[in-house]
Structures are given as structure tokens and as C-alpha cells.
Amino acid sequence: MTFAKRGLILGATAVAVAAVTVTGAGIHLSQSKAFFEESPKELIDQVWQLIDRNFVDATFNQVDWDAVRTDYLGRNYTDQEEAYGAIREMLEKLEDPYTRFMDPEEFRSMQIDTSGELTGVGIQISQDEESKEIVVVAPIEDTPAFDAGIRPQDVILAIDGESTEGMELNDAVSKIRGTVGSEVTLTVRRGEEELEVSLVRARIEIHPVRYNVQAGPEGEVGYIRLNQFSANAAEEMGAAIEDLESQGVTGYVLDLRSNPGGLLYSSIDIARMWIDSGIIVSTVNRQGVADEETANSRALTDKPLVVLVDGGSASASEILSGALRDNERAILVGTRTFGKGLVQSVRSLGDGSGVAITVAKYLTPDGTDINKHGIEPDISIELTEEQQEELSTNREAIGTEADPQYAAALEALSTEIKEARAGDSVTTAPGN
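The rules behind these values
Residues numbered from 1 in each chain as written. Predicted model: local features only at pLDDT ≥ 70, side-chain atom pairs only at ≥ 80, totals over all residues. Heavy atoms only, no water. Salt bridge = Lys/Arg side-chain N within 4 Å of Asp/Glu carboxyl O. Helix = DSSP H or I, 4+ residues; strand = E, 2+ residues; numbered from the N terminus. Buried < 20%, exposed > 50% of the residue type's maximum accessible area, 1.4 Å probe, protein only. Phe/Tyr/Trp six-rings, centres within 6.5 Å; stacked < 30°, edge-to-face > 60°. Axes fitted to C-alpha atoms, helices over the stretch in contact; angles between N-to-C directions. Parallel < 35°, antiparallel > 145°, perpendicular 65-115°, else oblique. Left-handed = near helix turned anticlockwise from the far one by under 90°. Contact = heavy atoms within 4.5 Å. Pairing = 2+ DSSP bridges. Arc of directions from axis to C-beta. Polar contact = N/O pair within 3.5 Å; in protein donor to acceptor, adjacent residues only side chain to side chain.

Student: Please give an account of the pattern of salt bridges that cites residues and values.
Tutor: Close approach of charged atoms allows side chains of opposite charge to pair. If you walk through the whole model with that rule in mind, you get 21 salt bridges. Notably, a salt bridge pairs Arg-75 with Glu-89, separated by 3.2 Å at the nearest N-O pair. Of the two residues, Arg-75 sits in the loop between helix H3 (65-73) and helix H4 (80-92) while Glu-89 sits in helix H4, which places them 14 residues apart along the sequence. Residue class for Arg-75 comes out partly exposed when judged on its relative accessible area of 29%.

This is the structure we're talking about:
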């Protein structure tokens, strides 16, 4: 499988959370956009073929996929919108919320250029496979949603007063999106409480990496917070590590909390900055063919590392944290991760629309399938409601000793630094 390094990332109000690999134009047909608009059956057949060739489940959710093609191509469609509805209906038979059709407007809104700019309120959302509820995976830092206190696992009950019960994920995304400066009100359930949150949509420039040097018991520590695996995340991560190395830090805390994922290749590139050798991730398609991504002996540091994770750490975050733990490169601190272990391929279609197809599942280096299960941290530290509220209202406390999970990570890192120093002294002792 090729992980293309261009194109798409799951955006501020993305339709789902998944590691994404981007391909070009799907099936390369010679027909023009006008042809597809005049012949909607061709578009339906294009989507059917893509699913037939690539969908991760070879049984198609126990559906007779050939019969589905016969059924939908045997119907008459008066316009493109009817074809779009038929495609969505056809894909629903797969019962995979991450395999989805996007009309041209939805597809364009999903595309983000390499500058990392997007328009929206700054949340990643998903749909619970059983309850069908619309759930916040994580808000993106420095966005309207983050500033308003939206939290991972908040359930969106209504959008501008319209109930989300029975609402498709794509429809929810469309209703949350809108023009810069306009307002949207979300009704969310948090535990037993219902809240109304008004958000003003904005143009958001994402800088996925923030870092600083902090004092620690065993010397200065490099703290790096990565909030999304966007197209510029690896470049910013590399620059951060090199700067912190030049400042002589003794170890690192990498904060992946509330990081909902993004581009698959970005997580692989970043893993290679921390791991010198070993498997990073393997993907398995429906034929059972595994494709391994490995380290390339170009790690930027070998200093002790602790990684912070929580229920908002999803997809690409889980690929990175799983790779670091299974290779015994890092200790994980926090709470169980989200549990999204599926890979999607995003394809553009002949009329400017697009389709995202679940094409594989990924396994951590030791062969663990984390889908729906997540990754349990080595050191579990739950935040109380009061602590969560304090950190959401006092953002400056995140990544400081006023942050209980960071404090636990710093303690674990100090132990690792001591052990590394003891190992070095034994190695360099005379006669050894």
C-alpha cells in the first residue's frame, strides 16, 4: 500500500476519525465531468467498483455486492442528486460509518492545503457505531470549540436546535460548518448534564506543534504538544526536537491528549524521529496482505520519552503511541485512547465528488488490533471533573505541574532519566 503525501486531511469538523491515506483520482476514467453529470449511473458504478476492489471487508458486511450493483444500475435517475442519494443508500449497506460519499461541496470543504488553514469551529467528530450518536473526538487547540470548553466525548444532541437523532454524520458536518463570522449553537450532553454552546465560525490556522523547556527533578525537560497530524506536523516536530536538543534537555514529554489524528504518513514520519529501528505500524487489507512501515535509522534523539494520551487520542495518535510503546521507546501516561484502528483511502470522483473507503486495518508493532479497544497506558491517571474543568478554563496550566497527568508524566520521566544515567555509568566504567 502506498501512503501518498498529498491532498487531504480530516479537518476541523471532519466527518469521521481515521488514519487517512490519499490517492489520486480513483479509477482513472476518460469521461469528463459533464459526462458524469449527464450519466449519473456511471458515477454510481464508479463508486461500486471502488468498493468492490478496495473495501476492507471481503464479505461486504454479508451483503451480495453484485446484486447491489444490479439493483442500483437498474433504476432510473432524473438528476445527479438522486444518484448521490442512491450512492449513500448503497454505502449504508456496508454499515461502516467511515466509508462515506461526499458531494462536490462536501468534498471541497474536506480539502485543506498545505498551509494548514481551515474554516470551521475546530472539532473532530465521529458517529458511535451502535448508538449512532454524534460524538466529539476532540477540539483542536486555539479554535472556537476549544475556547468554548468543548471536550472529548461530548455528545452533540442538537445543532441550532435541530435534533441529531437519526442524522447522518455528513449532514451533521454540513450543519456545523458555515461562513466565517456566522454562529452555530450546539446542544451537548456531558455525563448527565446538557449544555448549550454558541460558537462563532472562524478561519483557523493550525500550527500543530508547540513546545517549551521546563524544569524537572533531573534537569531541563522538553515538553512537546502535538494537536493534529496535519501536512506540516512532521516538519514542525522535527524543528522542535532539534531546537530542544540544542538546548540540552535531559528527556521529553510528548503530549498527544485530545489529538484526533489526521494523515497516516505524518504519524509514520514523526515516529521515525523517535525510533531508530523496528516496526512502526503494519496495515492489513482484506486479502490479509500486511504492509509494514519501519524506522529508517534517522532518529533525532534517543533520550528518555514519556507520552501523554487520553480518550481524545485517536487514529494517527494511536499509531504513534503504539509504535513508541511496543518498541520500548516510551512510557504511556494518562487514560485509554479512543480506539480507531481503520485506514481510509480518499478518492476523487469524475464529477468533483469524492468517496472515503475503509481499505485496511492497522496493527501496532506487536500485532495488537486496537480498533474499538484503544490502548491502555502504562500509568493510568484519571482526571476528576473538577480537574478537567480547571484545565479547560485555565489553558496555561496544561503541560505544567498544575496538570495532574503531566505531573505524573514528569515523575515517570525522572525515573527513566535516572535509569538511563545508571546504565551509562555501568557501560563506561573502567574494566567494562
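Student: If you had to explain helix H10 (residues 316-326) to someone new, which residues and values would you point to?
Tutor: Three- or four-residue spacings in an α-helix give side chains the same orientation, since the helix completes a turn every 3.6 residues. With respect to burial, H10 is a largely interior element, 9 of its 11 residues being buried. Buried within H10 are the following residues: Ala-316, Ser-317, Glu-318, Ile-319, Leu-320, Ser-321, Gly-322, Ala-323 and Leu-324. Immediately beyond the C-terminal end of H10, within one or two residues, lies Glu-328, with a positive phi of roughly 55 degrees.

Student: Any details on the packing of aromatic side chains? Residues and values, ideally.
Tutor: For the structure shown, the criterion picks out 6 aromatic pairs. Measuring from ring centre to ring centre gives 5.4 Å for Phe-60 and Trp-65, while their planes differ by 10 degrees; the resulting arrangement is stacked. Relative to Trp-274, the ring of Tyr-252 lies with its centre 5.1 Å away and its plane at 80 degrees, an arrangement referred to as edge-to-face. A residue pair is termed long-range when its members are at least 10 positions apart, and Tyr-252 in strand S13 (residues 251-255) and Trp-274 in helix H9 (residues 264-274) qualify at 22 residues.

Student: Give a description of unusual backbone geometry that names residues and reports values.
Tutor: With a phi close to 60 degrees, Asn-61 is a non-glycine residue in the positive phi region. With respect to the helices and strands, Asn-61 occurs in the loop between helix H2 (40-54) and H3. By relative accessible area, which is 25% here, Asn-61 ends up partly exposed. Even without glycine at this site, Glu-95 takes up a positive phi of about 55 degrees. Among the structural elements, Glu-95 can be located in the loop between H4 and strand S2 (100-102).

Student: Outline the packing of H2 against H4, supporting the account with residue identities and numerical values.
Tutor: The geometry of H2 relative to H4 is characterised by a closest axis approach of 9 Å and an angle of 20 degrees between their N-to-C directions. When the axes of H2 and H4 are compared, the pair comes out roughly parallel. Classified by chirality, the crossing of H4 by H2 is right-handed. Where H2 abuts H4, its residues Pro-40, Leu-43, Ile-44, Val-47, Trp-48 and Ile-51 lie against Gln-80, Ala-83, Tyr-84, Ala-86, Ile-87, Met-90 and Leu-91.

Student: Quick rundown of the pairing of strand S8 (residues 183-190)? Include the residues and the values.
Tutor: Among the 8 residues of S8, 6 are classified as buried, and the element is accordingly described as predominantly covered. The sheet contact formed by strand S6 (residues 155-159) and S8 spans 4 bridges and is antiparallel. For Ala-158, the partnering residue across the bridge sits in S8 and is Thr-187. Bridge count for S8 against strand S9 (residues 193-200) is 8 bridges, and the pairing is antiparallel. Paired with Arg-190 across the strands is Glu-193, a residue of S9. The antiparallel pairing of S8 with S9 creates a hairpin that spans 2 residues between the two strands, and Gly-191 there sits at a positive phi of about 65 degrees.

Student: Before we move on, could you go through H3 and cite the residues and values that matter?
Tutor: Where H3 is concerned, the buried positions are Trp-65, Val-68 and Tyr-72. Along the long axis of H3, the arc covered by the buried residues comes to 45 degrees, so they all point the same way. H3 presents Asp-66 and Thr-70 as exposed residues on the side facing more than 90 degrees away from its buried surface. Those residues of H3 that are buried lie in contact with H2 and H4. Where H3 begins, one side-chain oxygen reaches toward the backbone nitrogen of Asp-66, 3.3 Å away; that side chain belongs to Asp-64.

Keep in mind that these numbers describe shape and distance, not what the molecule does.
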